[in-house]
Structures are given as structure tokens and as C-alpha cells.
Amino acid sequence: FLDINPDTRIHEYSDLDAAVDLKQQMLDVCPEDHDLRSKVKQGLAVSLYWRYKQRSNTQDLDRLVILALSNVSFTGTDPELHQNILLLLKATLRSRLELVGVLDNLAESIRFAQELIELTSPESPMRLEALTQLSCALDLRFQQSGDPVDINKCIDVDKEALALAEGDDREDPLNNLVYSL
């Protein structure tokens, strides 16, 4: 769901601002126990994600992390929505780590990638993406901490990703495995 290019729907910064404002208004009036509240939060989170991608505003990134974290526990009854929120969190926390160096974000990103892997079937393309991202996050944590547990787990994840990948999709897992070894 993050692969949607917002430029096909939102052409001006003001349009993206309006989307964020309208989705926030929807969230403000949506009762806490309403069935659609998680979807409204997801919509707002995606708009904040794209606005952050366009402008690199750390306030949008911080708001996005808080919003997505608050939503992750409420999406358990909708597996697809839960997977999408986990994917968004993984990407967001990784971006936040790269931007501000908050190591707790890396641990959270790893945790959400692991949860996403557990929720996806081996046939799902989302599983390969989650494995690849988990590998990168584990490698980054190994580089920072030097803990051999991380690099060993990284190698195992790379091997699993490589076993799942076919054709051109094998390039990233193969490069990750070679790098990890």
C-alpha cells in the first residue's frame, strides 16, 4: 500500500495538506470504538508518510510513528490492515533511525518486521520484502553493537529470503547474504 505514488492523486503540497487535515478531522469525529477508526488512522498515517517523504518534516514522522503505534494493537481482527500497519511502522521507524539515530526505533523496526513475517505466508510478496528489510535492520544493529547473534540471525534471514526469491527478486537477498558472510 505504500507503493502507491501519491503524485498520481495529489499534485500540489496544498492537496496533501488538505488530505492530512481532512483525515485528521475524520479521526477527530470517529468514536473510539467504531469499526472504521483503524482504517481512518491508517489513511491519516499513509498521508503523513507521503507528506514526510515529500518534505522531510520530522514532525510528520514523529506524528506518524505515534499514530501507527497506537493503531497496531487495534488491527488484529483485520489481518490485511494489521500487515499494512506493520509494514508502515517498519518503514517509518527505519526512516526515523536514519534521520535522528534513535536506536530504540531499530529494535522496534526489527520487532515489527519479525511480526510481519510471522503473519505472512511464504507465498506472499510481502514476506520477501519483510525478510529483506529484517536482514538490513539486523545487519545495521550488528554494525552498531557487534553482537554476533544479530549477524547470525541476519544470515539465517538472508538464506530464507533467497530460498523464497525467484528470478530478478533474488538479487537483493543474494547481495545481502554475500555481504553478511
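Residues numbered from 1 in each chain as written. Predicted model: local features only at pLDDT ≥ 70, side-chain atom pairs only at ≥ 80, totals over all residues. Heavy atoms only, no water.

### Some thoughts on the side chain of Asp 150
Looking at the secondary structure, you find Asp 150 in helix H7 (residues 148-164). The class of Asp 150 is buried, set by a relative accessible area of 6%. Sequence-distant contacts of Asp 150, that is, excluding residues within four places in its chain, are made with Leu 138, Arg 141, Phe 142 and Ser 145. (Helix = DSSP H or I, 4+ residues; strand = E, 2+ residues; numbered from the N terminus. Buried < 20%, exposed > 50% of the residue type's maximum accessible area, 1.4 Å probe, protein only. Contact = heavy atoms within 4.5 Å.)

### Focus: a negative patch on the surface
Negative charge collects at one region of the surface, where Glu 129, Glu 166, Asp 168, Asp 169, Glu 171 and Asp 172 lie side by side. Looking at the element boundaries, Glu 171 is found in helix H8 (residues 171-180). Taking the relative accessible area as the measure of exposure, Glu 171 reaches 54% and is therefore exposed. (Patch = residues over 30% accessible without salt bridge, like charges linked within 9 Å, V, L, I, M, F, W, Y side chains within 5 Å. Areas by Shrake-Rupley, 256 points an atom, 1.4 Å probe, with all protein chains shown as cover. Salt bridge = Lys/Arg side-chain N within 4 Å of Asp/Glu carboxyl O. Lys, Arg positive; Asp, Glu negative; His and termini not counted. Charge placed at Lys NZ, Arg CZ, Asp CG, Glu CD.)

### Considerations on the side chain of Asp 139
Within the secondary structure layout, Asp 139 lies in helix H6 (residues 125-145). With a relative accessible area of 11%, Asp 139 lands in the buried category. Looking at Asp 139, its side chain comes within polar contact range of the side chain of Gln 143, at 2.6 Å. Leaving out residues up to four positions away in the same chain, Asp 139 has contacts with Ile 151, Cys 154 and Tyr 179. (Polar contact = N/O pair within 3.5 Å; in protein donor to acceptor, adjacent residues only side chain to side chain.)

### Some words on H7
Along its 17 residues, H7 runs 25 Å from first to last C-alpha, staying within 8% of the 24 Å computed at 1.5 Å per residue. Residues Asp 150, Ile 151, Cys 154, Ile 155, Val 157, Asp 158, Ala 161 and Leu 162 constitute the buried set of H7. Buried residues belonging to H7 abut H6 and H8. One side-chain oxygen at the N-terminal end of H7 lies 3.0 Å from the backbone nitrogen of Val 149; it belongs to Asp 147. (Expected span 1.5 Å × (residues − 1).)

### With respect to the confidence of the model for the protein chain
Per-residue pLDDT for the protein chain averages 78, and the proportion of residues at 70 or more is 82%. Of all the helices and strands in the protein chain, helix H4 (residues 79-100) carries the lowest mean pLDDT, 70, while H7 carries the highest, 91. In this model, residues 1-8 is a region of pLDDT below 50 whose contacts with residues beyond four sequence positions or in other chains number 16 contacts. (pLDDT = per-residue confidence, 0-100.)

### Overview of H6
For H6, built from 21 residues, the straight-helix expectation of 30 Å at 1.5 Å per residue is met to within 8% by its first-to-last C-alpha distance of 30 Å. Along H6, the residues classified as buried are Arg 127, Leu 128, Ala 130, Leu 131, Thr 132, Leu 134, Ser 135, Ala 137, Leu 138, Asp 139 and Leu 140.

### Looking at the packing of aromatic side chains
Within this structure, the stated rule accounts for one aromatic pair. Ring centres of Tyr 49 and Trp 50 lie 5.2 Å apart, and the angle between their planes is 80°; on these two criteria the pair is classed as edge-to-face. What makes Tyr 49 buried here is its relative accessible area of 10%. (Phe/Tyr/Trp six-rings, centres within 6.5 Å; stacked < 30°, edge-to-face > 60°.)

### What to know about the pattern of salt bridges
In total, this model carries six salt bridges according to the counting rule given. Across the salt bridge formed by Arg 55 and Asp 17, the nearest N and O atoms sit 2.8 Å from each other. Of this pair, Arg 55 sits in helix H2 (residues 37-55) while Asp 17 sits in helix H1 (residues 13-29), placing them 38 residues apart in sequence. Here Asp 150 and Arg 141 are joined by a salt bridge, their closest N and O atoms 2.8 Å apart. Assessed through its relative accessible area of 27%, Arg 141 is described here as partly exposed. Three or more residues are tied together by salt bridges with common partners; here these are Asp 17, Arg 51, Arg 55 and Asp 60.

### Some thoughts on the environment of Gln 133
Here Gln 133 is to be found in helix H6. By relative accessible area, which is 25% here, Gln 133 ends up partly exposed.

### Side note on the environment of Val 46
Of note, Val 46 is situated in helix H2. Classification of Val 46 by relative accessible area gives buried; the value is 13%. Expressed as a C-alpha distance, the spacing of Val 46 and Leu 64, which sit 18 residues apart in the sequence, is 8.3 Å.

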